[in-house]
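Descriptive structure summary
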Amino acid sequence: MMIKAISDRIFIRLEQEEGKTSGGVLLVSDIPEPRTVGTVESVGEQVKGIKPGDKVLFHVFDELETPIKDVVAVRENSILGMWCDD
């Protein structure tokens, strides 16, 4: 399923939660941590400087769930930063 953002909205696919550490220790928690990092799936026509495929950090309190599992919608001003190669 493909979803197209409009206006100043951005759809972000959340990164998978880590189930264990790099050393192989299983992580178990009754309280899930909010996920605030993901990859941009779609951007609205008013969004500048962010494109699909960018890895972003966003403000967790502004996200809206979508019908697609692990995809959330946020406004452009909820983006706190992007990963870059520089």
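Residues numbered from 1 in each chain as written. Predicted model: local features only at pLDDT ≥ 70, side-chain atom pairs only at ≥ 80, totals over all residues. Heavy atoms only, no water.

1. Some remarks on the overall build of the protein
Worth spelling out the cut-off: In this text, helices come from DSSP runs of H or I with a minimum length of four residues, and strands from runs of E with a minimum of two, each type numbered from the N-terminal end. For each residue, the accessible area found with a 1.4 Å probe, counting protein chains only, is set against the maximum for its type, and the residue is called buried under 20%, exposed over 50%, and partly exposed in between. Two residues qualify as a contact provided that any one of their heavy atoms is within 4.5 Å of a heavy atom in the partner residue.
In terms of helices and strands, the protein carries 0 helices and 6 strands. Ordered by position in the sequence, the α and β elements of the protein form the string β-β-β-β-β-β. Out of the 86 residues belonging to the protein, those deemed buried represent 29%. A fraction of 57% describes how many contacts in the protein between residues 6 or more apart in sequence connect residues 24 or more apart.

2. As for the pattern of salt bridges
Applied cut-off: A side-chain nitrogen of Lys or Arg and a carboxyl oxygen of Asp or Glu constitute a salt bridge if their distance falls within 4 Å.
Inspection of every chain in the model, using the stated rule, returns 6 salt bridges. Where D8 meets R9, a salt bridge forms, and the shortest distance between an N and an O atom there is 2.9 Å. Owing to a relative accessible area of 28%, R9 belongs among the partly exposed residues under this scheme. Across the salt bridge formed by R75 and D8, the nearest N and O atoms sit 3.3 Å from each other. Remark: D8 occurs in the segment before β1 (9-14) and R75 occurs in strand β5 (residues 71-75); sequence separation between them is 67 residues. Residue class for D8 comes out buried when judged on its relative accessible area of 16%. Each of D8, R9 and R75 takes part in one network of salt bridges that share partners.

Don't take any of this as a statement about function, it's just geometry.
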